[in-house]
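Residue strings, one per chain:
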Amino acid sequence: MNLFSRLKKSDGEVRFKHKNKSILIGSKQGLFDDIVGFEDVKTLFEMAIKAERPVHLLLCGPPSSGKSLFMSSLTKLERSHYAVGSSSTKSGIFDYLFEYRPRYFIIDELEKMNKKDQTSLLNLMESGILSELKHNQQRTTQLKTWVFASCNGTDKLLPPLLTRFRDIHFKPYTEEEFVEIVVNVLDREEGTDRDIALLIADGVYNMLKSTNIRECVRIARLAKNDSVQVNRIIDTFAKYGSF
């Protein structure tokens, strides 16, 4: 099969190919390895991916609440396409969808997508049909596409478009959740010692008043497992941060 390169198991599990490796959706090592927690949300996505017909999911919440981690993980799916709503092409998403026919359309910052593109997306999700009259020429195609998206807020989305999603609202991380995620991310991605990771997490959360995982990664790369440097960097960031 070329639609997703997947093999269905008797229990409904699905494998997909990523970087020439066969990964099992629903297993402990699979699509969402990079995300700590959110087990119920992971299960919803896995169920949506395994559904025979498209199910569209929208993650809503403040910045640094884990939404983009899900969007990034979903790009591992074969025949997926990732887009940022604020970077819609001049010709819009219609031309891309018509030409490349993605099975999974993954959109970060959906609320920043212009209304024309939102309308094209609505038509796709509503009927699976894309149709356009341009220069007195009509072109039409039908797609079977799952749409997974994220946004900081829904007030700029077309109301009919919003109804096509099951929206899932994320809350800001608690300190305990933030620390757990930072320790795991820094250990896995940067090889940071646990004590150093805890120091970074505490400083970012309590001194910088932030839950930005990327900030923790920056500090870890600068400090190179040196606790003195961690404190110095956090002090400098706090001194010259935004007001």
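Remember, it's a predicted structure, so these values are computed and weren't measured experimentally.

Draft legend 1. Geometry of the overall build of the protein chain. Along its length, the protein chain carries nine helices and nine strands. Pairs at least 24 apart in sequence give 67% of the contacts found in the protein chain among residues at least 6 apart. Summed over all atoms, the accessible surface of the protein chain reaches about 13,700 Å², with 49% contributed by carbon and sulfur.

Draft legend 2. Representation of the packing of helix α3 (residues 93-100) against helix α4 (residues 115-127). Relative to each other, α3 and α4 sit at 35°, their axes nearing to 9 Å. Of α4, the residues touching α3 (which contributes I93, F94 and L97) are D117, S120, L121 and L124.

Draft legend 3. Quick peek at helix α1 (residues 39-50). When the terminal C-alpha atoms of α1 are compared, their 17 Å separation across 12 residues agrees well with the 16 Å that a helix rising 1.5 Å per residue should span. Among all positions of α1, only V41, K42, F45, E46, A48 and I49 are buried. Buried positions in α1, seen along its axis, are confined to an arc of 160° and lie on one side of it. Every exposed residue of α1 that faces more than 90 degrees away from the buried side is listed here: D40 and M47.

Draft legend 4. Region of interest: the packing of aromatic side chains. Overall, the coordinates contain 11 aromatic pairs when judged by the stated rule. Ring geometry for F38 and Y173: centres 6.5 Å apart, planes at 55°, overall tilted. Taken as a pair, F38 in the loop between β2 (21-25) and α1 and Y173 in the loop between β9 (166-169) and α6 (175-190) lie far apart in primary sequence, 135 residues in all. Here F45 and F70 contribute two aromatic rings whose centre-to-centre distance is 5.5 Å and whose plane-to-plane angle is 25°, an arrangement assigned as stacked. Taken together, the residues span a long stretch of sequence, with F45 in helix α1 and F70 in helix α2 (residues 67-74) at a distance of 25 residues. For the pair formed by F45 and F70, the shared burial category is buried. These aromatic residues form a ring-pair network of at least three members: F32, F38, F45, F70, Y104, W146, F148, F170 and Y173. Positioned above the aromatic ring of F98, the side-chain terminus of R139 is 4.7 Å from the ring centre.

Draft legend 5. Quick look at the nonpolar core. Counting 23 residues, the largest nonpolar core has F178, I200 and I219 as the members making the most contacts within it. Looking at this core, the elements that each hand over two or more residues are α6, α7 (194-207), α8 (213-223) and α9 (227-239). For I219, the contacting residues outside a window of four places in its chain are I200, V204, L208, V230, I233, I234 and F237. Membership of the second largest hydrophobic core comes to 22 residues, among which are A83, M113, L122 and L124.

Draft legend 6. Just unusual backbone geometry, in detail. In this structure, S64 is a non-glycine residue whose phi angle is positive, near 60°. In this model, K209 sits at a positive phi of 55°, which is unusual for a non-glycine residue. Looking at where K209 falls in the secondary structure, it is placed in the loop between α7 and α8. The class for K209 is exposed, based on a relative accessible area of 67%.

The rules behind the values
Residues numbered from 1 in each chain as written. Predicted model: local features only at pLDDT ≥ 70, side-chain atom pairs only at ≥ 80, totals over all residues. Heavy atoms only, no water. Helix = DSSP H or I, 4+ residues; strand = E, 2+ residues; numbered from the N terminus. Contact = heavy atoms within 4.5 Å. Areas by Shrake-Rupley, 256 points an atom, 1.4 Å probe, with all protein chains shown as cover. Axes fitted to C-alpha atoms, helices over the stretch in contact; angles between N-to-C directions. Expected span 1.5 Å × (residues − 1). Buried < 20%, exposed > 50% of the residue type's maximum accessible area, 1.4 Å probe, protein only. Arc of directions from axis to C-beta. Phe/Tyr/Trp six-rings, centres within 6.5 Å; stacked < 30°, edge-to-face > 60°. Lys NZ or Arg CZ within 6 Å of the ring centre and 35° of its normal. Core = buried A, V, L, I, M, F, W, Y, C linked by side-chain atoms within 4.5 Å.

That is the geometry; function is a separate question.
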